[in-house]
Amino acid sequence: MNGSDPLRIIPIRSHDRRMFNFFWNFCINIIYNNYLCLHNRNERHFAHEKGGDRIINRKFAQWIAIPLILIMVTLTGCQAVGGVDVGKAIENNATVKSAESNQTLNIKLEPASEWIDSDDDLEMIELINSLSLNITDAKLKDSKTASIEGALSIQDKKLPFHLSMDESAIVFDVDGAKKPLYISLAGNDALLGLDTAAFEKQIEELSPKMLAFMLKHLSNPTNISVNSVQETVHGESLSLSKLHVEINGEELLALVKPFLTSVAKDEEGLKSLIGDLYDVFYPVIKAVNTVEGAEDDAFAAIVPESRDAAVTAMYGMVKAGLDELLASYDEGLKQLLADTPELKTVLGKDTVLKLDLYLDSAQNIRKQSLDLKVALPASEFLPIKSATLSSVSEMWNIGGTVAVNAVDTTNGVIDVEDSGITPGQFLRNFESDSVIYDLLKNEAGITSKTVMLQTDDEYSGAVDVDGVTFVPVRYLSEQLDAEVKWTKGSDRIVVIDDITGNEVILTLNSDQATVAGKEVRMTGSAFVGRDGKTYVPLQFAAESLGATVTEDDAGWLWIERK
């Protein structure tokens, strides 16, 4: 997100993105793992349609996609409306240094009843529709220091969370966690030999320039208005200007050609922007090529070291590309819509964006209300008519002194980038009766494991002994993330269950075992095979580690742990 994004809570920069990505990836994984994207039925749809591969005008699609995305991000043009300088307001929003804010966000999918063919489809849609995010307190002290507190709701479960960030780390705490999660941001200063801090500052300065360039060439939508209102922001009644914008997919598409035409005529503006991009990214590209051992002459042939030469060359390529695109734009768009008829739905009149921005006298956006409905081409592979994203946010104390609420780390942290942490160890960081534990284990399925093997399989080492399948204890334990402890010369082997932490104690040449302190009898004695590996009955080993064993018609043994 950049500063003009309608869902914006605080200005999102490189470090901030990792905070939101971490949080939202968790949400998406719950949905994806639980329902496997409607059983992955869309795979064959994307591969073939009507017996043949679909061919589209990819070059035109790629060119037109860029301005479409940019227009959706900026939403309105820069022309003044009713005394409100829209461009100035958006630029102000992009350059906020400190602020406090809140936000609510909801998603609603509209099912296409004619394509619903299973309860799983409805369950998937209901799951997504139950998802909501309520951020009650977001604080931005500066570009590297922030905190967010709120709650994620999914179905009838509510998950409070607290996240904070500084220049060294992102720390994420959630209700039910024994220790917060920790993501280090250190160790990147020497990346490719670059001054990372200086690079981030350049990026921060570049963003408003790019935004200003876009706003310069965008026209306002037809349905845009301003009126004076009395609105409450964070409990304070304020006199604000309400900017209302409404645009549908057809109108959005109609803005692209005028935008590209205006850009193509702006030689000075394009060269200036290209020069700014060159100043920021040339050192990075050069450093990457140096690391990869590219020859200086070869690199210079691609990207001239002279700034003026580079700007001239790149402007020529961009201008030629724009001229070529505009010369055949109408025909290309017609062909694109014919080749990809789904776009007629997505970019049709039923896709509607409604946005209200509430601005103060300094042209600061103090409140935002967004409803974005995207019409979808419903089919048996995607039984959804539309998806609607709704959000309301408020901002106050803009540019003021802000003190973030840092997550408490005095009792230690769990480093999520530690590759040695197993799923069970991670899960045991949460109280077993907490919402997060249930979501991680039963919805996201982070401890789910499936192992398949056959008797006399060389890979697994499974063998049949008098009708009982035995398996190397270390092989199966490692497949289920369990830890195996054995002292050389001892007959005693200890297996530690990854999920529960319980111990399974085995004794060589004995059918007696202990599981979580209780003595049990196995269907056969543990033994050391000719290969030097210790074998135990498969059924016992799997069940003692929380898994089940089933056999399919082909003779494959399936070891599954939920």
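The model shown is predicted, which means the values in this text are computed figures rather than measured ones.

Counting its secondary structure elements, the protein chain contains 17 helices and 26 strands. Each of the 562 residues in the protein chain was classed as buried or not, and the buried ones make up 45%. Residue pairs in contact within the protein chain that sit at least 24 positions apart in sequence constitute 63% of those at least 6 positions apart.

Turning next to helix α12 (residues 329-339). Looking at α12, one finds that the buried residues are Tyr 329, Gly 332, Leu 333, Leu 336, Leu 337 and Asp 339. One side of α12 carries all its buried residues, which in axial view fall inside an arc of 165°. Every exposed residue of α12 that faces more than 90 degrees away from the buried side is listed here: Asp 330, Glu 331 and Lys 334.

So, on to the sheet that holds strand β17 (residues 468-472). What the four strands build is an open sheet, ordered β16-β17-β24-β23; its pairing is antiparallel. Edge positions in the sheet fall to β16 (463-465) and β23 (527-528), since each of these pairs with one other strand and no more.

Moving on to helix α8 (residues 256-265). The set of residues buried in α8 consists of Val 256, Phe 259, Leu 260, Val 263 and Ala 264. What you see down the axis of α8 is that its buried residues fit within an arc of 130°, all on one side.

Within this structure, the stated rule accounts for 15 salt bridges. Of the charged contacts, one joins Lys 139 and Glu 100 as a salt bridge, the two residues approaching to 2.7 Å between their closest N and O atoms. Linking Lys 139 in strand β4 (residues 132-142) with Glu 100 in strand β3 (residues 99-111), this pair joins segments that are 39 residues apart in sequence. For the pair Lys 139 and Glu 100, one class covers both residues: buried. Between Asp 438 and Lys 157 there is a salt bridge; the shortest N-O distance is 2.3 Å.

A separate point is the environment of Pro 283. By the secondary structure assignment, Pro 283 is in helix α9 (residues 267-291). Classification of Pro 283 by relative accessible area gives partly exposed; the value is 36%. Between the C-alpha atoms of Pro 283 and Glu 305, which are 22 residues apart in sequence, the distance is 9.9 Å.

Spatially, β18-β19-β20-β21-β22 is the arrangement adopted by the five strands of the open sheet, whose pairing is antiparallel. The open sheet has two free edges, formed respectively by β18 (483-486) and β22 (518-521), since each of these has just one partner strand. Taking the axes of each pair of neighbouring strands and ignoring which way they run, one obtains an average angle of 25° across the sheet.

The topology assignment puts Asp 498 in the loop between β19 (492-496) and β20 (503-507). Within the buried set, Asp 498 has no salt-bridge partner at all; the shortest N-O distance to an opposite charge, 4.3 Å, is to Arg 428. A distance of 2.3 Å separates the side chain of Asp 498 from the side chain of Thr 422, its partner in a polar contact. Residues within four places of Asp 498 in sequence aside, it is in contact with Thr 422, Pro 423, Gly 424, Gln 425, Arg 428, Leu 480, Asp 481 and Ala 482.

Right, let's talk about a negative patch on the surface for a bit. On the surface, Asp 119, Asp 120, Glu 123 and Glu 126 cluster together to form a negatively charged patch. Mapped onto the elements of the fold, Glu 123 is located in helix α5 (residues 119-129).

With seven of eight residues buried, strand β11 (residues 352-359) lies mostly within the body of the structure. In this sheet, β11 lies alongside strand β10 (residues 236-248) in antiparallel orientation, the contact comprising eight bridges. Considered in β11, the bridge of Lys 242 is made with Tyr 358. Taken together, the eight bridges between β11 and strand β12 (residues 365-375) define a ladder with antiparallel strand orientation. Of the residues in β12, the one forming a bridge with Leu 353 is Leu 372. Hairpin connection from β11 to β12: five residues lie between these consecutive antiparallel strands, with Gln 363 at a positive phi of about 65°.

You will see that His 234, though not glycine, has its phi angle at about 55°, which is positive. Structurally, His 234 can be placed in the loop between β9 (223-233) and β10. Phi angles above zero are rare outside glycine, and Asp 466 is one such case at about 55°. Topologically, Asp 466 is positioned in the loop between β16 and β17. Overall, Asp 466 belongs to the exposed group, its relative accessible area being 78%.

This brings us to the confidence of the model for the protein chain. For the protein chain, the average pLDDT comes to 82, and 79% of its residues sit at 70 or higher. Throughout residues 28-56 the model reports pLDDT below 50, and contacts reaching past four residues in sequence, or to other chains, amount to 45 contacts. Confidence drops under pLDDT 50 across residues 73-79; counting only partners more than four residues distant or on other chains, this segment forms 42 contacts.

Once that is clear, we can look at the packing of aromatic side chains. Here the structure, examined in full by the defined rule, presents five aromatic pairs. Residues Tyr 278 and Tyr 282 carry aromatic rings whose centres are separated by 4.8 Å and whose planes lie at 20° to one another, so their mutual orientation is stacked. In this pair, Tyr 278 and Tyr 282 both sit in helix α9, four residues apart, roughly one turn of the helix. Both residues of the pair, Tyr 278 and Tyr 282, count as buried. Considering the side-chain rings of Phe 527 and Tyr 535, the 5.3 Å spacing of their centres and the 10° angle between planes classify their relative orientation as stacked. Taking the relative accessible area as the measure of exposure, Tyr 535 reaches 5% and is therefore buried. Pairwise contacts between aromatic rings join Phe 470, Phe 527 and Tyr 535 into one cluster. Above the plane of the ring of Tyr 315 lies Lys 271, whose end atom (NZ or CZ) is 5.1 Å from the centre.

Next up on the list: the packing of α8 against helix α11 (residues 307-327). For the pair α8 and α11, interaxial distance at closest approach is 10 Å and the crossing angle is 140°. Regarding α8 and α11, the two cross each other, and that crossing is left-handed. Packed against α8, whose contacting residues are Lys 257, Leu 260, Thr 261, Val 263 and Ala 264, the element α11 presents Lys 319, Leu 322, Asp 323, Leu 325 and Leu 326 at the interface. Across the contact of α8 with α11, the residue classes tally to six nonpolar, one polar and three charged.

Thresholds applied
Residues numbered from 1 in each chain as written. Predicted model: local features only at pLDDT ≥ 70, side-chain atom pairs only at ≥ 80, totals over all residues. Heavy atoms only, no water. Helix = DSSP H or I, 4+ residues; strand = E, 2+ residues; numbered from the N terminus. Buried < 20%, exposed > 50% of the residue type's maximum accessible area, 1.4 Å probe, protein only. Contact = heavy atoms within 4.5 Å. Arc of directions from axis to C-beta. Pairing = 2+ DSSP bridges. Salt bridge = Lys/Arg side-chain N within 4 Å of Asp/Glu carboxyl O. Axes fitted to C-alpha atoms, helices over the stretch in contact; angles between N-to-C directions. Lys, Arg positive; Asp, Glu negative; His and termini not counted. Polar contact = N/O pair within 3.5 Å; in protein donor to acceptor, adjacent residues only side chain to side chain. Patch = residues over 30% accessible without salt bridge, like charges linked within 9 Å, V, L, I, M, F, W, Y side chains within 5 Å. Areas by Shrake-Rupley, 256 points an atom, 1.4 Å probe, with all protein chains shown as cover. Charge placed at Lys NZ, Arg CZ, Asp CG, Glu CD. pLDDT = per-residue confidence, 0-100. Phe/Tyr/Trp six-rings, centres within 6.5 Å; stacked < 30°, edge-to-face > 60°. Lys NZ or Arg CZ within 6 Å of the ring centre and 35° of its normal. Left-handed = near helix turned anticlockwise from the far one by under 90°. Nonpolar A, V, L, I, M, F, W, Y, C, P; charged D, E, K, R; others polar.

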